[in-house]
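Summary of the model geometry
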Amino acid sequence: MEDPIFETGDAAVRLGLSNTHASATLARLAAARHLVRLRRGLWALPGRVDPLTLPARLTAPLPSYVSLQSALYLHGMISQVPVVTYAVSLARARRFSTPLGTISVHHVAPSFFFGYEDTGQTGVLMASPEKALVDFLYLGPARSKLFRALPEVELPRGFSARRARAITERIEFPRRRVMVVRSLARILGAEKGRR
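All values reported here derive from a predicted model rather than from experimental measurement.

1. Section: the sheet that holds strand S1 (residues 5-7)
Taken together, the three strands give an open sheet; going across it, the order is S1-S3-S2, and neighbouring strands pair in antiparallel fashion. Only two strands of the sheet have a single partner each, and these edge strands are S1 and strand S2 (36-39). With strand direction ignored, the average angle separating the axes of adjacent strands in the sheet is 35°. Direction of pairing for S2 relative to strand S3 (residues 42-44): antiparallel, over a ladder of three bridges. Residue pairing in the sheet places Arg 39 in a bridge with Leu 42 of S3.

2. Focus on the packing of helix H5 (residues 129-138) against helix H6 (residues 161-168)
Contact geometry of H5 with H6 gives a least axis separation of 9 Å together with a crossing angle of 45°. By the angle class used here, H5 and H6 are oblique. As for how H5 packs across H6, the hand of that crossing is right-handed. Residue-level inspection shows Glu 130, Lys 131 and Val 134 of H5 in contact with H6, the latter providing Arg 163, Ala 164, Ile 167 and Thr 168. In terms of residue class, the contact of H5 with H6 is built from three nonpolar, one polar and three charged.

3. Side note on the pairing of strand S6 (residues 94-98)
Relative to strand S7 (residues 101-107), S6 is paired through five bridges, and the arrangement is antiparallel. In the strand pairing of S7, Arg 95 is matched with Ser 104. The loop that links S6 with its antiparallel partner S7 comprises two residues.

Thresholds, definitions, all that
- Residues numbered from 1 in each chain as written.
- Predicted model: local features only at pLDDT ≥ 70, side-chain atom pairs only at ≥ 80, totals over all residues.
- Heavy atoms only, no water.
- Pairing = 2+ DSSP bridges.
- Helix = DSSP H or I, 4+ residues; strand = E, 2+ residues; numbered from the N terminus.
- Axes fitted to C-alpha atoms, helices over the stretch in contact; angles between N-to-C directions.
- Parallel < 35°, antiparallel > 145°, perpendicular 65-115°, else oblique.
- Left-handed = near helix turned anticlockwise from the far one by under 90°.
- Contact = heavy atoms within 4.5 Å.
- Nonpolar A, V, L, I, M, F, W, Y, C, P; charged D, E, K, R; others polar.

Listed below in structure tokens is the structure:
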């Protein structure tokens, strides 16, 4: 199956048109709802795109992975279904509103960009349960205030407190590391009290 997300240049080559003419043709197809414009120069075939693949395509060439509330929900750690797909990236923080969904991209330092795995589903990269939780705590002091209040968390079977603590050790900013370590200790203590 061909990639349902493509760039204007790809269509131009495939159709034997200049980029300008291909762009005009794609815009007409989007107006007729045969295509979806994701952002300038990036298009998708509606109904054939896994929304979890969008963050990586929208932040390209910089990498990203699904994390935060989206990964916490998909790992069964929170019950609240996020309306937005949250991702962590080396790209600058940005919100993309597309006809296929809203993607909220949040920047982390290159040294903290790790802890994700390929889900095997259409190449989606997703944070491990431990990294998704630590990412949420790491972004707590962000200006957006999206990560101030964590919904009630239930740690899944196989969650490694040791691995989560090891992730916090890689936070290069001392004040932020202390804040995240304290928040993680509260969550782990509360979870231990429930068991």
